[in-house]
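Below are the chains, spelled out letter by letter.
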Amino acid sequence: MMKKKSISASKASLVLFLCQMISALDVPLDSKLLEELSQPPTITQQSPKDYIVDPRENIVIQCEAKGKPPPSFSWTRNGTHFDIDKDAQVTMKPNSGTLVINIMNGGKAEAYEGVYQCTARNERGAAISNNIVIRPSRSPLWTKEKLEPNHVREGDSLVLHCRPPVGLPPPIIFWMDNAFQRLPQSERVSQGLNGDLYFSNVQPEDTREDYICYARFNHTQTIQQKQPISVKVFSMDSLNDTIAANLSDTDIYGAKPVTERQPILLTPTGSTSTKVELRGNVLLLECIAAGLPTPVIRWIKEGGELPVNRTFFENFKKTLKIIDVSEADSGNYKCIARNMLGSVHHVISVTVKAAPYWITAPRNLVLSPGEDGTLICRANGNPKPNISWFANGVPIAIAPEDPSRKVDGDTIIFSHVQERSSAVYQCNASNEYGYLLSNAFVNVLAEPPRVLTPANKLYQVIADSPALLDCAYFGSPKPEIEWFKGVKGSILRGNEYVFHDNGTLEIPVAQKDSTGTYTCVARNELGKVQNEVRLEVKDPTMIIKQPEYKVIQRYGQVSFECIIRHDSTLLPTVIWLKDNDELPDDERFLVGKDNLTIMNVTDKDDGTYTCIVNTTLDSVSASAVLTVVAAPPTPAIIYARPNPPFDLELTGQLERSVELSWIPGDENNSPIRHFVIEYEDGLHEPGVWHYQTEVPGTQTTVQLKLSPYVNYSFRVIAVNEIGRSQPSEPSEQYLTKSANPDENPSNVQGIGSEPDNLVITWESLKGFQSNGPGLQYKVSWRQKDVDDEWTSVIVANVSKYIVSGTPTFVPYEIKVQALNDLGYAPEPSEVIGHSGEDLPMVAPGNVQVHVINSTLAKVHWDPVPLKTVRGHLQGYKVYYWKVQSLSRRSRRHIEKKILTFRGNKTFGMLPGLEPYSSYKLNVRVVNGKGEGPASPDKVFKTPEGVPSSPSFLKITNPTLDSLTLEWGSPTHPNGVLTSYILKFQPINNTHELGPLVEIRIPANESSLILKNLNYSTRYKFYFNAQTSVGSGSQITEEAVTIMDEAGILRPAVGAGKGYSEILFATSPVMHTVRPTFYKVQPLYPRIRNVTTAAAETYANISWEYEGPDHANFYVEYGVAGSKEDWKKEIVNGSRSFFVLKGLTPGTAYKVRVGAEGLSGFRSSEDVFETGPAMASRQIDIATQGWFIGLMCAVALLILILLIVCFIRRNKGGKYPVKEKEDAHADPEIQPMKEDDGTFGEYRLFSFVSSAPF
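Residues numbered from 1 in each chain as written. Predicted model: local features only at pLDDT ≥ 70, side-chain atom pairs only at ≥ 80, totals over all residues. Heavy atoms only, no water.

## Focus on the confidence of the model for the protein chain
Going by this rule: Every residue is assigned a pLDDT by the predictor, reflecting its confidence on a scale from 0 to 100. Here a residue-residue contact requires only that any non-hydrogen atoms of the pair lie within 4.5 Å.
Per-residue confidence for the protein chain gives a mean pLDDT of 84; residues scoring 70 or more make up 86%. For residues 1-28, every residue scores under 50 in pLDDT, and the model assigns this stretch 52 contacts once sequence neighbours within four places are set aside. Below pLDDT 50 for its whole length, residues 1173-1180 participates in 29 contacts with residues either more than four positions away or in separate chains.

Below is the structure:
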């Protein structure tokens, strides 16, 4: 049985391509084969369904199709046959179905309105186009009407109606004045979607007689103009003057002043309305309100949120625009118009319907006689579309019957097809909002086998490597493939061969005896065909003598061998490399047939040398290292720098070149390697020498290239292995003639400093680069991707020009060209710059927080649309702060933190959170101008963690058999405390530990009396708190019961350590048996208060130690939550701090401190995080203890100085110095002004909340 293997994409055969036609309309067939196979027609190009044409131009209705044989074309118009031969104005393009209707030679476009459909037909079937509706565009004139002037009182609302003529397609409306200038619009005055001009309230400046509505018809490129509309606004002052002039003094007159009014809606009217929009279209909703002051419009969606990244506000927020709408956007949208006097709202009920859209469109099907297949046509829409089938353009119900075909709703099932079953099927999915039409053919082919691989193709491989012999084939039904070795050999079988589905024969390990002729046979029921290919297996290339490691003295000679053996029919090429790069271009390196020789070896020849042998079929290599060592010292030779060259001479002076010659100085026992030539420009930079070129040490003349308008002087410096000589004396001066600039300024940039400007900068040319006097620059710019002309200015020899009045953050093409009194430099290259940035407009949406653990959270957000960034996107900032601790409520200082995430990142980690706390955060986008608006605050909570150690443990009131323990609750409970754990054990005189006793104490208690203890005994206590998560760090103390009742009580252990005393009696603990003791250290060592200060890649660790001197500490650390072993760092000396380096940013670490030689003696674990970005901690300096202490010390020092001065003044009476001081008071000795309490940026984000936590 032949072994099958999946077909690789690179070697798929044509039969696979044909079988895949079920899912591919255009099959990449062999060109020769394509000419022989029959194929039903396929429509490749057609005009749009709704085709609006220009009535002044010829009408071209496209219909292109392919097939074999080439299809013929016919048309229907309005459902009946369209005989183009009977209409002299209509022609069909040759070898095409495209119609051309001649309008420009007397035809009328209106006469050809209608619904057209194209049919492409050959002997295998017929494909049809969409129904193409032809309509000529229309741009009718405005109806003449007499427009009365509008007389309006100041503050009233006004609507100027446009009512444009009905055109096809509808015109674009805009308002202008007689000078063809667009009328300014604002929140108060704006154009509605229907083209009318709305005034929320009129002002005296609205008075004018040239409000003109224009309608632009794009298809005909015409603009129609309405008669000008006149508006007269009467102000209250002028109206009162008019009334006063017509009334007597006794009359009561006076118009009411302009009164403010609450909003009313001008459009839409009423409180509700409806709107139907189609899926995928743009939804436009409009609300325009009247009122004084001008109302502000706000939009909301009832019961939901406006879609992020698809919602835009236009026309001063009067228009809500949602792009690419879907059924999910259906619902009630409320617009709210509000001013200081009130508000009004309108609810628009939006329903999103859908024209049909494809779920699965039918695809072409290629079958062999007797095979089965299906055509599937599935579409969706709102309402649900109806599916109908056609065969060769005829409804399938009345089409000729085919026994192999069965229609089942949206599926046609074919069973045991024959060649006569070939046809083109059409699926039509339609509802009231449109239709979809798709053609898919069924092509039944009966073809004898063909082998497409060229005959006698030669394959060459290296022995012991795989060989792939191709047999690309085609046939219908699919042929079976067999392979034979030789013309009359037996069929190949067995595990030593792999037979691929595409016909390829694979020999996994080809040997020399695999060489020969192989025959591929393809057969099906219609015939068979065979093809021969040849395989040659070559001997592998080998390096039989490889280069060897060499050590050579400096200035010696070394040779590497590389002797190869290869197949006699292959031509090898040998390449030598040094350190995986090409050999230096140096005549000291000699490459022979079998070796590489290096003459006069130097230190820079040290390295790895590789010999690579390539043939057309394989490649081998071998390497060896060369080490260069110093030669034995030779006495009595003194090496020194060379003496400077002399006798410099200039000859052959030309405009752009000159020849310089010199005589070398003494080389001082070290050969001169090269000469360095420098020049001075006496015209532009006198006294400054510049590098010109360098030449080998054997050369004493050089041809130098010169620049125009430079006064040259030259000097030469000799260089040997020891160093550089002193410069030679300068040559004579040579002044070159002026010329046009050869080059333009470099580093041209365009970066806006304000939202409405573009700052163009460049690096000015140096003096000698000007090539002549009068250096200036021509600065040119134009907006990119806009068909604008270049704008240019000529500026003096500066390096900056500012373009004002630009749009915000748009790209510009910029170029800067140098010129002088003789002319311009070559045309400069263009660079792209941007006008100034403005603050981003939109806040990030869909902010989500995932709490990872009690101290770490991950925040996600959706990126804002790039066009709303209005600048270079620099990243996102996350502001987060602790709102309150969930375990206690108290007033606290709120400290906001900021994390910055560079680039278009949409997530980030928040480290260093406090357990069991409530946090808020928001996200803002950042560009080069600053930050955009903040997203709505997101609230999240951290879970409980283990508590810190109790704040203190104090042991008092020792008696013969009892001790009183007092403690303080943990400074950071990190959750709800469930209990305290007390462990204690006795210590005898030889410092041995007794058995350990454990007591669990309720969390609400703060003291305990231990009774029934042994008298005159020292006890060691271990104390820690617990939450539901686990136990926190423990605190330890020791205490001693007194010797007898009459004895003197010892001072309380822990006294003097700042602990407060709280007494609380608890149940006694009994000890009746004297315990067994174990040996311990005389002093009770411990390490506590481990603290960390972390940065991005390092952390400072510090701790407190109590115990014997000369302890050797170590620090252990690892990734928090990881099961990896702890990493250990030894602390030098007895220091109580250490710096951990090489940490990974954005990672949580665990750390603990221990002492060498004390088993199990180490601190509790501490956890810290390194951040991915620097958290900006804004701290109010005025609240810091060190600052308050410093201020108090300064105040105290000033007070002491004042007291001393006062005492000396009263005791000393008058003295000359005092009189001088009285006469010349120092103006700087003035009372200090009271601090206003502001401290720059430290004051930002720091405040004290008025609400308890």
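## Description of the sheet that holds strand β81 (residues 963-970)
Condition: Note on pairing: two strands pair once DSSP finds at least 2 bridges between them. We count a stretch as a helix when DSSP gives it H or I for four or more residues in a row; a strand needs E for two or more, and each element gets its number in order from the N terminus. Throughout, an axis means a line fitted to C-alpha atoms (over the contacting stretch in the case of helices), and angles, computed between N-to-C directions, take values from 0 to 180 degrees.
As summarised here, the arrangement of the three strands in space is β80-β81-β85, forming an open sheet in which the pairing is antiparallel. Single-partner strands in this sheet number two, and they are β80 (950-956) and β85 (1007-1010). This sheet shows a mean twist of 15 degrees between the axes of neighbouring strands, independent of strand direction. Sheet topology note: the β80/β81 ladder contains six bridges and is antiparallel. Bridge pairing links Thr956 to Thr964 in β81.

## Examining the packing of aromatic side chains
To keep things clear, this is the line we draw: Two aromatic rings, drawn from Phe, Tyr or Trp (for Trp, its six-membered ring), form a pair once their centres lie within 6.5 Å of each other, and the interplanar angle then sorts them: stacked below 30 degrees, edge-to-face above 60, tilted otherwise. Relative accessible area decides the class of each residue, using a 1.4 Å probe on protein chains only: under 20% of the type maximum gives buried, over 50% gives exposed, and in between gives partly exposed.
Within this structure, the stated rule accounts for 24 aromatic pairs. Note on Tyr919 and Phe940: the rings are 5.6 Å apart at their centroids and 15 degrees apart in plane angle, and the pair reads as stacked. Here Tyr919 is found in strand β78 (residues 917-926), whereas its partner Phe940 is found in strand β79 (residues 938-941), with 21 residues between them in sequence. On the basis of relative accessible area, Phe940 is assigned to the buried category, the value being 6%. On the basis of an interplanar angle of 35 degrees and a centroid distance of 5.6 Å, the ring pair of Phe984 and Phe1021 is categorised as tilted. Placement of Phe984 in strand β82 (residues 979-987) and of Phe1021 in strand β86 (residues 1018-1026) is noted, with a sequence separation of 37 residues between them. Per residue, the accessibility class of Phe984 equals that of Phe1021, and both read buried.

## Let's talk about the sheet that holds strand β15 (residues 189-191)
Working definition: the strands of a sheet are paired by backbone hydrogen bonds and lie parallel or antiparallel to each other. Within the open sheet, the three strands sit side by side as β13-β16-β15. Their pairing is antiparallel. Both edges of this open sheet fall to β13 (158-160) and β15, since each of them pairs with a single strand only. Across the sheet, the mean angle separating the axes of adjacent strands is 15 degrees when strand polarity is ignored. Here β13 pairs with strand β16 (residues 197-199) via three bridges, running antiparallel. Looking at β16, one finds that Leu160 is bridged to Leu197.

## With respect to the nonpolar core
Condition: Grouping buried Ala, Val, Leu, Ile, Met, Phe, Trp, Tyr and Cys residues that are joined through side-chain atoms within 4.5 Å yields what is termed a nonpolar core.
Judged by nonpolar contacts, the single largest core of 29 residues is most densely connected at Ile59, Ile61, Trp75, Ile101 and Tyr116. Of all the secondary-structure elements, those providing two or more residues to this core are β3 (59-61), β4 (63-68), β5 (72-77), β8 (99-101), β9 (114-122) and β11 (132-136). With three residues, the single largest contributor to this core is β9. Ile61 has contacts with Ser47, Tyr51, Trp75, Gly97, Thr98, Leu99, Ile101, Tyr116, Ile132 and Ile134, leaving out every residue within four places of it along the chain. Of all hydrophobic cores here, the second largest spans 22 residues; its members include Ala467, Tyr473, Ile481 and Val533.

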